[in-house]
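# Architecture and fold: a report
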Amino acid sequence: MARTSRYIGNAREGRKREAGLRRIWGKFLLRFKRLRVAVLAIVILAVGGLSAAIGLIALTSDAGTFPGDPGPSDFLERVLLAAVLVLAAAVPLALAALKRRERSLERIGVELARIRALDFVRSGEAELDPDTAALGFEIGLLRKTLRQRDREFAGVQAKLERLIDLGIAMGAERDTGHLMETILVGAKEIANAEGGTLYLRDADDILRFEIIHNDRLGIRQGGPGAPPPSLPGVALFGPDGQPNRNNVVSLAVHEERAIAIDDAYAAEGFDFSGTRTFDARTGYHSQSFLTVPLKPHGGEVIGAVQLINARGPDGRDPIPFSPEVQRFVEALAGQAATALDNRLLLDAQDRIMDGMVRFVAGAIDAKSPYTGGHCARVPELAMMLAQAASDAREGPFADFAFTTVEEWREFRIGAWLHDCGKVTTPEHVVDKATKLETIANRIHEVRTRFEVLLRDAEIARLEAVAAGNDPEAAAATFAQRSAQLHGDFAFVAACNVGTESVSDADIARLVRIAATTWERHFDDRLGLSEAEMARLEGIPVAPVPAIEPLLADRPEHIVRRGRDDPAVDPSWGFNLKVPLLRYNFGELHNLSVRRGTLTDEERAVINQHIVQTIMMLESLPFPPHLRRVPEYAGTHHETLTGSGYPRGLTAADLSIPARIMAVADVFEALTAADRPYKKAKPLSEAVEILHCMAEERAIDPDVFALFLSSGVCDRYARRFLTPEQIDGVDTARYLGAETPR
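Structure report, in brief.

Conventions and cut-offs
- Each residue is numbered by its place in its chain's sequence as written, counting from 1.
- Per-residue local features of the predicted model are confined to residues with pLDDT of at least 70, and side-chain atom pairs are confined, for both listing and counting, to 80 or more; whole-chain, interface and lining totals are unaffected and use all residues.
- Note that the side-chain values use all heavy atoms of the structure and ignore hydrogens as well as water.
- Helix numbering and strand numbering both begin at the N terminus, where a helix is a DSSP run of H or I of at least 4 residues and a strand a DSSP run of E of at least 2.
- Contacts were defined at the residue level, with two residues in contact if any of their heavy atoms lie within 4.5 Å.
- What counts as a salt bridge is simple: a side-chain nitrogen of Lys or Arg found within 4 Å of a carboxyl oxygen of Asp or Glu.
- Residue exposure (1.4 Å probe, protein chains only): buried if accessible area is under 20% of the type maximum, exposed if over 50%, otherwise partly exposed.
- Multiplying one less than the number of residues by 1.5 Å gives the expected span of a helix.
- What we call the bend at a residue is the angle made by axes fitted to the seven residues finishing there and the seven residues starting there.
- Only centres within 6.5 Å qualify two rings of Phe, Tyr or Trp (six-membered ring in Trp) as a pair; their planes then separate them into stacked at under 30 degrees, edge-to-face at over 60, and tilted for everything else.
- Criterion for a charge above a ring: Arg CZ or Lys NZ at most 6 Å from the ring centre, at most 35 degrees from the ring normal.
- Buried Ala, Val, Leu, Ile, Met, Phe, Trp, Tyr and Cys residues form a nonpolar core when they are joined through side-chain atoms within 4.5 Å.
- Axis angles are defined between N-to-C directions and span 0 to 180 degrees, where every axis is a line fitted to C-alpha atoms and, for a helix, only to the segment in contact.
- Working definition: roughly parallel below 35 degrees, roughly antiparallel above 145 degrees, roughly perpendicular at 65 to 115 degrees, and oblique for all remaining angles.
- Two helices crossing with the near one rotated counterclockwise from the far one by less than a right angle form a left-handed crossing, whereas a clockwise rotation gives a right-handed crossing.
- For this scheme, ten residues count as nonpolar: Ala, Val, Leu, Ile, Met, Phe, Trp, Tyr, Cys and Pro. Four count as charged, namely Asp, Glu, Lys and Arg, and the remainder, Gly too, count as polar.
- DSSP bridges decide pairing: two strands pair if at least two such bridges lie between them.
- For patches, a residue must show more than 30% relative accessible area and have no salt bridge; joins then use 9 Å for like charges and 5 Å for nonpolar side chains, namely Val, Leu, Ile, Met, Phe, Trp and Tyr.
- A 1.4 Å probe and the Shrake-Rupley method give the accessible areas. Residues count as covered only by the protein chains that appear here.

## Re the overall build of the protein chain
Along the backbone of the protein chain there are 22 helices and twelve strands. Long-range pairs, those at least 24 residues apart, make up 67% of the contacts in the protein chain between residues at least 6 apart in sequence.

Now the structure itself:
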C-alpha cells in the first residue's frame, strides 16, 4: 500500500504542476498581447524619433557648404524618406516575428489544453521557434511523466476498486463455500495469476485443500456445493512435533508472512517434489508462487491462499509476482481472513444450535420412545412437502418458495422443535398405555382386591362346611362367586386396555362392579410420599378394618390446577378449554374413558405441550433470520376454521409452512407404528382420514392435494411405513374431488 500511496502522491503532484503551469500560461498570453502592442509602438516611435533626430542634426549642421551640395530642406526630405522606408521594412518584420512567436505559443497552449484534459497522446511534433523551444521541451517531459503516472494510477485505481468490491462482497456473503471461492477468484484477478489454491487449517493442524483453480488446465475443484479436493493436506508439524518448514505453505503459516518465489525449480530450501511430479504428469510448468497466510485481526492463522504463475502483459509466459501485487494480495488476504473467520464462527454457532435442536428431540426420545420417532419423522415429511411446494410452478403454490439457505434452515428448526414442549409433559401421561396407568399400571392393585374377594369367598365356603352346611351347596356358591369375580375382573381389565370404545352399558356395569366392597386391614397412610400426604390433608383417617369399594374415585385422586398455569394466563393469547382439575386419578373415572386411555384432564395436559412449545420458543432471542421458528413449531394444531388450539387461528393467520406442518404432524401420527396406545393405520386409511380433515378444513386441502400429486405420500411410505401398511392409494379419486376453499 506504500507504493500505492506513492503513485497517488505523484499523480497529485503532477496535477498541481499542470495547474500551476496553466496559471502561468494564462498570465503569459495576457502579457504577450500587451507586449505585441508595445513593440509595435516602440518600433514606430524609434523609427520616427530616429528620423526626427537626423533631421534636427541636419538642420543645425553646415549642410550646403560645398558647391553643388543640397540644401537643408532637401537633406531633410531625404532623411524622412529613409526613415519612412526603414519603418515600412521594420514593421512587417516585427509583425512576422511576433506572429511566429504567437503560433509557437498557441501550439504550446494546445498541448497544455490536452494535458489539462488528461489527453496524453501526442498529436505530432510541433514546430517551435528557438525562444519557445525550451518551454515546449519542458511541456513534453511533463506530458510523458503525467502519461506514465496516469497509467500507473489507473492500474492502481482498478486494483483498489476491485479490492473494495471484494471486501464488500466478502462481508455480505453468508455461504462459506461461496465466500472461499470469492476469496480465491479475487486474489487470482488482482494478481493476474493462472491458478490458485485455498487451504483451511483444521483442528489437527492440517492445511486442508478447500478449492483448487487453474485456468490453463481447466481445473475447478471444491467450492460451493462441491466436495473439497481429495488431495492429502499439508501437515504443519512433523512426526517429531517440530514445525514443518520444508513446505512453502506451512512455512508461510508458521511465520505469518507472505512468501514469493520467482522460480520454483530454482528455489532452495523448499520441497517442490509434488509440484514437479504434477508438472511431469500434466505437462504444466509451475514457476512463480505467491503464498499468503489468512490471519484475522487478533487471531490465529486459519488458512492460506497460494497463487501460481503470474501472467505478463502478453498473457503467455509466467512472470514473478511483483512487490506491488504482493501488497494488494496481502491486503485482500487480511480482509478475507476476517470475513472467513467470522463466517466459520457463525457456521460453528449454527452447528451448535442444530445440535441443541437434535438434543432436545433426543431428550424427548429418551424420555418417551413412543414420541421420539415422531419428532424425527415429522421434519422429514415436512421438508419433503416444503420442497414440493417450492418446486411448484403453477397452482396455489406458484408464488411460494424458500429461496435462501436461511429460510430452509428456519423451517427445518421449526419442524424439529414442533413438539419440544413435550419435555415438560409427565411420562405417565405421554406413555399412558392403559387407563389405570400412572407411574405403574394400577390394574395389579385392582387384581389384588379381586384376589382378596376370591379368598374371602373361599373362606366363606370353608366356614360354611365347618358350620355343618351342605358342602356341595357351599361349593356351588363359591363357584358362582368365583365365576362372577373372574368375569368382572376380565371386564375391568378389558376396559383398562382402551382398544375398544366404552358404551353406556359398559359404564353402568363398571359402576355396579365398583359398588362391590372389600375389607382393608392395614393403615393406608404408611409409606406415602409428601405429595400423597398433601393430597390426604383434611381427609379423616378411616379406622381399620375398613370397608372400601372395589373401584374407587377417592378425594386423594384429585390434583387441582395451580394458579400459575400458563394455559389460563390471558397474556399469551391461548384459548384452550382447560378442565377444572389438572389430574383425576380416580379408578372409576379413568376406566370410564370412552375412547383411548386418556382422561379429559390428561388430554389437556398432552395438548398443553404446544403451549409449552410456544412459551419456550418465544422466550428465546432468535436472530432475524430465525424469527419464524416459533410460528412454524407452534401452529401445527391449528385449523383453517379457528377450531384448533392453542390460539384458535384461522386461515388468514396460517402461512403455507404452518399448514405444511399440520399435515406432516397428522399423517405421521396416523401411520406411526411405535405408539403403545394404538395400532398403526394402513396407508389407504390414513389418506382417507386426511381427506376427511381436508373437507372439514381441519387441514389445508391444497397441501393435502400436493401431498398426493407430488409423490411425497409414496416416497414417505416407502421410507418409514412397514410393508404391511402400504396397501395402495387411489390418488386420482382424491385429486379429482372438490374440496371447499
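## Comments concerning the pattern of salt bridges
Applying the stated criterion across every chain yields a total of 33 salt bridges. The partner of D524 in a salt bridge is R525, and the shortest N-O contact between them spans 3.8 Å. Residues participating in the shared-partner salt-bridge network are R520, D524, R525, E548 and R554.

## Here we look at unusual backbone geometry
Cis rather than trans, the peptide bond between V544 and P545 has omega equal to -5 degrees. Its location among the elements puts P545 in the loop between α14 (530-535) and β10 (546-549). Across the junction of Y645 and P646, the peptide omega takes the value 10 degrees, indicating a cis bond. Its place among the elements puts P646 in the loop between α17 (629-634) and α18 (656-671). The backbone phi angle of D205 is positive, close to 60 degrees, even though this residue is not glycine. Inspection of the secondary structure assignment puts D205 in the loop between β1 (193-201) and β2 (206-214).

## Some words on the environment of P701
With respect to the element layout, P701 can be found in helix α20 (residues 701-709). Assessed through its relative accessible area of 3%, P701 is described here as buried. Sequence spacing of P701 and V663 is 38 residues, and the spatial spacing of their C-alpha atoms is 9.7 Å.

## What about helix α16 (residues 600-618)?
Between its terminal C-alpha atoms α16 stretches 27 Å, which fits the 27 Å expected from 19 residues at 1.5 Å a residue. N607 marks the point of greatest bend in α16, at about 30 degrees.

## Overview of the packing of aromatic side chains
Under the defined criterion, the tally for this structure stands at 14 aromatic pairs. Here the aromatic rings of Y199 and F209 are separated by 4.7 Å at their centres, their planes lie at 50 degrees, and the arrangement is tilted. Taken together, the residues span a long stretch of sequence, with Y199 in strand β1 and F209 in strand β2 at a distance of ten residues. In this structure, Y199 and F209 share a single accessibility class: buried. On the numbers, 5.3 Å between centres and 15 degrees between planes, the contact of Y583 with F585 is stacked. Of the two residues examined, Y583 and F585, each falls in the buried class. Through a chain of ring-to-ring contacts, the aromatic side chains of F400, F402, W408, F411 and Y632 assemble into a single cluster. The residue whose ring lies beneath R509 is F491, and the NZ or CZ to ring-centre distance is 4.3 Å.

## Remarks on helix α11 (residues 443-466)
The first and last C-alpha atoms of α11 sit 34 Å apart over 24 residues, in line with the 34 Å expected at 1.5 Å per residue. Turning to α11, its buried residues number three or more, namely I443, V446, R449, F450, L453, L454, A457 and A464. In this fold, the buried residues of α11 make contact with α12 (471-497), α13 (504-515), β9 (517-520) and α15 (587-591). Residue G468 follows α11 closely and has a positive phi angle near 90 degrees.

## Side note on the nonpolar core
Core analysis: the biggest nonpolar cluster contains 42 residues, and F667 and F707 have the highest contact counts within it. Per element, the largest residue contribution to this core is eight residues, and it comes from helix α8 (residues 369-391). Setting aside anything within four residues of it in sequence, one finds F667 in contact with L381, L683, A686, V687, L690, F707 and Y716. Grouped together as the second largest cluster of nonpolar side chains are 32 residues, M180, I302, A310 and V329 included.

## Some thoughts on the packing of α12 against α13
As a packed pair, α12 and α13 sit with axes 11 Å apart at the nearest point and diverge in direction by 130 degrees. Of the possible angle classes, the one that applies to α12 and α13 is oblique. Where α12 crosses over α13, the two elements pack in a sense that is left-handed. Along its contact with α12, which presents Q484, G487, D488, F491, V492 and C495, the element α13 presents D506, R509, L510, R512 and I513. Among the residues forming the contact of α12 with α13, the class breakdown is five nonpolar, two polar and four charged.

## With respect to the packing of α11 against α12
At a minimum axis separation of 9 Å, α11 and α12 run at an interaxial angle of 175 degrees. Between α11 and α12, the angle falls in the class roughly antiparallel. In terms of residue class, the contact of α11 with α12 is built from 16 nonpolar, three polar and five charged.

## Topic: the pairing of strand β3 (residues 219-222)
With four bridges connecting them, β2 and β3 associate as antiparallel partners. Paired with I212 across the bridge in β3 is Q221.

## A closer look at the environment of A363
As for its placement among the helices and strands, A363 is situated in helix α7 (residues 323-367). Spatially, the C-alpha atom of A363 lies 9.6 Å from that of K422, the residues being 59 residues apart in sequence.

## Remarks on a nonpolar patch on the surface
Judged by side-chain polarity, I352, M356 and F359 come together as a nonpolar surface patch covering roughly 350 Å² of accessible area. Position of I352 among the secondary structure elements: in helix α7.

## Digging into the environment of F491
Looking at where F491 falls in the secondary structure, it is placed in helix α12. On the accessibility criterion, F491 (12% relative accessible area) is buried. Residues F491 and R509, spaced 18 residues apart in sequence, show a C-alpha to C-alpha distance of 9.0 Å. Apart from the residues lying within four places of it in its own chain, the contact partners of F491 are D506, R509, L510 and I513.

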